[in-house]
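Coordinate analysis (summary)
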Amino acid sequence: LRGPQTPGELRSRSGRLHAFDDIGQVEAALQRMTIEERELVVELARGPGQKENRWAHQLGDLVDPGSVTAAVPQRAMTPMPARRPSVSEDRVSRLEERVESLEETVSALRSELDDLLS
């Protein structure tokens, strides 16, 4: 999530999550993430003054094709599928509706209680 990185940078920065034995394992993992139904990463071409290709995640906003040259242009240009609301967003929405309903019920009960006490 630090932006485009080389496989070597990814290997050195991912040690707490997974200990890769060599850069080949990192590259194999990156290749697996590009083959899945929803591509998680995209390989970017080398920029000026860079000696290695970089990889960028596709978890949030797409990599801006104008700011980097993609090694495989059709991947970088392909928009991500429309994002469905996540389970937590749907759950929050249901909870908000439930709280609103409960507040209405409490208000009605208070009104009835006030009438009984009067």
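Calculation rules
- Residues numbered from 1 in each chain as written.
- Predicted model: local features only at pLDDT ≥ 70, side-chain atom pairs only at ≥ 80, totals over all residues.
- Heavy atoms only, no water.
- Helix = DSSP H or I, 4+ residues; strand = E, 2+ residues; numbered from the N terminus.
- Buried < 20%, exposed > 50% of the residue type's maximum accessible area, 1.4 Å probe, protein only.
- Contact = heavy atoms within 4.5 Å.
- Areas by Shrake-Rupley, 256 points an atom, 1.4 Å probe, with all protein chains shown as cover.
- pLDDT = per-residue confidence, 0-100.
- Expected span 1.5 Å × (residues − 1).
- Arc of directions from axis to C-beta.
- Polar contact = N/O pair within 3.5 Å; in protein donor to acceptor, adjacent residues only side chain to side chain.
- Lys, Arg positive; Asp, Glu negative; His and termini not counted.
- Salt bridge = Lys/Arg side-chain N within 4 Å of Asp/Glu carboxyl O.
- Patch = residues over 30% accessible without salt bridge, like charges linked within 9 Å, V, L, I, M, F, W, Y side chains within 5 Å.
- Charge placed at Lys NZ, Arg CZ, Asp CG, Glu CD.

**Some details on the overall build of the protein**
- Looking only at helices and strands, one finds 4 helices and 2 strands in the protein.
- N-terminal to C-terminal, the α/β element order of the protein is α-α-β-β-α-α.
- Split into buried and exposed, the 118 residues of the protein put 15% on the buried side.
- Considering only contacts in the protein between residues 6 or more positions apart, those separated by 24 or more positions represent 38%.
- When the accessible surface of the protein is summed, it comes to about 9,500 Å², and 52% of that surface belongs to carbon and sulfur atoms.

**Side note on the environment of A29**
- With respect to the element layout, A29 can be found in helix α2 (residues 23–35).
- Residue A29 is classed as buried on the basis of its relative accessible area of 13%.
- Counting along the chain gives 22 residues from A29 to P7, while the straight-line C-alpha distance between them is 9.9 Å.

**Quick notes on the confidence of the model for the protein**
- Averaged over the protein, the pLDDT score is 78; the fraction of residues at 70 or greater is 74%.
- pLDDT under 50 marks residues 70–77. Its contacts with residues more than four places away, or in other chains, come to 15 contacts.

**Describing the environment of M33**
- Its place among the elements puts M33 in helix α2.
- Looking at M33, the relative accessible area reads 26%, which means it is partly exposed.
- Put simply, M33 and H57 are 24 residues apart on the chain and 9.6 Å apart in space, counted from C-alpha to C-alpha.

**Describing α2**
- With 13 residues, α2 should reach 18 Å at 1.5 Å per residue; the first-to-last C-alpha distance of 19 Å fits that figure.
- Within α2, the full set of buried residues consists of V26, A29, L30 and T34. Buried residues of α2, viewed axially, fall in a sector of 140 degrees; they line one side. Across from the buried face of α2, at angles greater than 90 degrees, the exposed residues are R32 and I35.
- Between the side-chain oxygen of the N-cap and the backbone nitrogen of G24 there are 3.1 Å, and the N-cap of α2 in question is D22.

**Section: the side chain of R54**
- Inspection of the secondary structure puts R54 in strand β2 (residues 54–57).
- For the buried residue R54, which engages in no salt bridge, the nearest side chain bearing the opposite charge is E9, 4.4 Å off.
- A distance of 3.1 Å separates the side chain of R54 from the backbone oxygen of E52, its partner in a polar contact.

**What to know about a negative patch on the surface**
- A cluster of acidic residues, E96, E97, E100, E103 and E104, forms a negative patch on the protein surface.
- Residue placement: E104 occurs in helix α4 (residues 87–117).

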